[in-house]
Amino acid sequence: MKFHVMTLFPEMIEQGMRTSITGRAIDAGLISMHTVNIRDYARNKHHKVDDYPYGGGAGMLMQAEPVYLAWEDICRGTETDPRVIYLTPQGSVFNQKLAKELAEEKELILLCGHYEGIDERVLEEIVTDPVSIGDYVLTGGELPAMVLMDCISRLVPGVLSNGESAGTESFEGNLLEYPQYTRPEEYHGKTVPEVLLSGHHANIEKWRREQALIRTLERRPDLLEKADLSAEDKKILEKRIDL
Ligand code: SAM
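Notes on the structure follow. Keep in mind it's a predicted model, so treat the numbers as computed, not measured.

Calculation criteria
Residues numbered from 1 in each chain as written. Predicted model: local features only at pLDDT ≥ 70, side-chain atom pairs only at ≥ 80, totals over all residues. Heavy atoms only, no water. Near = heavy atom within 4 Å. Polar contact = N/O pair within 3.5 Å; in protein donor to acceptor, adjacent residues only side chain to side chain. Areas by Shrake-Rupley, 256 points an atom, 1.4 Å probe, with all protein chains shown as cover. 1 Å grid on protein atoms, 1.4 Å probe; cavity = no way out; pocket = protein on both sides within 12 Å on 5 of 7 lines; lining within 4 Å. Sits in = over half its atoms within 2 Å of the grid points. Helix = DSSP H or I, 4+ residues; strand = E, 2+ residues; numbered from the N terminus. Buried < 20%, exposed > 50% of the residue type's maximum accessible area, 1.4 Å probe, protein only. Arc of directions from axis to C-beta. Contact = heavy atoms within 4.5 Å. Salt bridge = Lys/Arg side-chain N within 4 Å of Asp/Glu carboxyl O. Pairing = 2+ DSSP bridges. Axes fitted to C-alpha atoms, helices over the stretch in contact; angles between N-to-C directions. Core = buried A, V, L, I, M, F, W, Y, C linked by side-chain atoms within 4.5 Å.

### Some thoughts on the site of the ligand
For step 1, the next point in the chain: Neighbouring the ligand are 20 residues, the closest being Tyr86, Leu87, Gln90, Glu116 and Tyr136.
For step 2, the next point in the chain: Within the contact set of the ligand, a nitrogen atom lies 3.1 Å away from a backbone nitrogen or oxygen of Gly134.
For step 3, the next point in the chain: Take Tyr136: an N or O atom from its main chain is 2.8 Å from a nitrogen atom of the ligand.
For step 4, the next point in the chain: Notes on the ligand: free accessible area 580 Å², of which the protein chains cover 86%.
For step 5, the next point in the chain: Here the ligand is seated within the largest pocket.
For step 6, the next point in the chain: Within the residue set of the shell around the ligand, elements represented by two or more residues are strand 5 (83-93) and strand 7 (129-132).
For step 7, the next point in the chain: No other element matches the 5 residues that strand 5 contributes to the shell around the ligand.

### Here's the deal with helix 4 (residues 96-103)
For step 1, the next point in the chain: Within helix 4, burial applies to Leu98, Ala99, Leu102 and Ala103. Buried positions in helix 4, seen along its axis, are confined to an arc of 140° and lie on one side of it.
For step 2, the next point in the chain: Looking at the buried residues of helix 4, the elements they touch are strand 5, strand 6 (107-112), strand 7 and helix 6 (142-153).

### What to know about the pattern of salt bridges
For step 1, the next point in the chain: All told, the structure shown has 16 salt bridges when counted by the stated rule.
For step 2, the next point in the chain: For Glu105, the salt bridge goes to Arg83, with nearest N and O atoms at 3.3 Å. Of this pair, Glu105 sits in the loop between helix 4 and strand 6 while Arg83 sits in strand 5, placing them 22 residues apart in sequence.
For step 3, the next point in the chain: Look at Arg83 and you get buried, because its relative accessible area is 17%.
For step 4, the next point in the chain: Linking Arg240 and Glu218 is a salt bridge whose minimum nitrogen-to-oxygen distance equals 3.0 Å. Here Arg240, found in helix 9 (residues 231-242), pairs with Glu218, found in helix 7 (residues 201-219); they are 22 residues apart in sequence, far enough to count as distant.
For step 5, the next point in the chain: Judged by relative accessible area, which is 51%, Glu218 ranks as exposed.
For step 6, the next point in the chain: Through salt bridges that share partners, Arg83, Glu101, Glu105 and Asp129 make up one connected network.

### Regarding the sheet that holds strand 7
For step 1, the next point in the chain: With parallel pairing, 5 strands are arranged side by side in an open sheet as 2-1-6-5-7. Each edge of the sheet is formed by a strand with only one pairing partner; in this case those strands are strand 2 (32-37) and strand 7. With direction set aside, neighbouring strand axes in the sheet form an average angle of 30°.
For step 2, the next point in the chain: Where strand 5 lies against strand 7, 5 bridges are found, and the strand directions are parallel. Counterpart to Ser92 in the pairing with strand 7 is Val131.

### Overview of the nonpolar core
Inside soluble globular proteins, nonpolar side chains tend to come together where they are buried.
For step 1, the next point in the chain: If you look at the biggest cluster of nonpolar residues, it comprises 28 residues, and the most contacted ones within it are Phe3, Ile13, Ile31, Leu110, Met149 and Ile152.
For step 2, the next point in the chain: Sorting the residues of this core by element identifies strand 1 (2-7), helix 1 (10-17), helix 2 (20-27), strand 5, helix 4, strand 6 and helix 6 as the ones contributing at least two each.
For step 3, the next point in the chain: Filtering out sequence-adjacent residues up to four positions away, Leu110 remains in contact with Phe3, His4, Val5, Met6, Ile85, Leu87, Ala145, Leu148 and Met149.
For step 4, the next point in the chain: With 22 residues, the next largest nonpolar core counts Trp71, Val84, Tyr86 and Ile118 among its residues.

Printed below as a string of structure tokens:
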């Protein structure tokens, strides 16, 4: 997977992504990242990229031309015709399903806005997917771009050291993950559930499924509508609702 990130703050992306698991994945060549400073494409003496919005109103807007030129330059070096994701609170809300779909792509272009956003005309011309990370407004698209890249990267084979973990986590099958414990066996007077110490794999799996169902019911009941539930699962949930 190759990420091309169009931004006014490449150092923010570089620092964030070259840390921890994503940093190791870049070093190992499992993913690669190419940051492009939109300011480098401003054709004026002071590399100014923003201007006042027509019609008035608060704040400044990023101009179309530097964004277009930066995109054109990236496309000259790509083998494919990459999807262009504009990070915006006006996009469809990012989730694990979209992450999986995007992880199948060979290359992606991520466009980060700043100030009050970007001139609509260039967005109409180059953006294929407007994507939001949630119903709130941030100062720029850099953190949202990192959220997407982090989430997509961990779905790329080899990025996680234990290939298992991406499959058993929250949102798989529209359930949240069960609670987990590590050493010591007793902490602040609380002990690890007995079943997890039993070594009985079938019972452990049964307990984990039950806990995942209960946790989803308590914290994200909306997910259960789309979850693939067996008759046994439904019984567990009904019993819990009756309590
Ligand atoms: N005026 C815009 C609006 O009301 O839709 C908001 C602009 S915001 C202050 C500046 C930039 O931050 C946006 O262009 C976008 O790239 C990014 N941004 C802010 N909130 C976001 C979110 N929830 N998801 C994705 N990107 C976001």
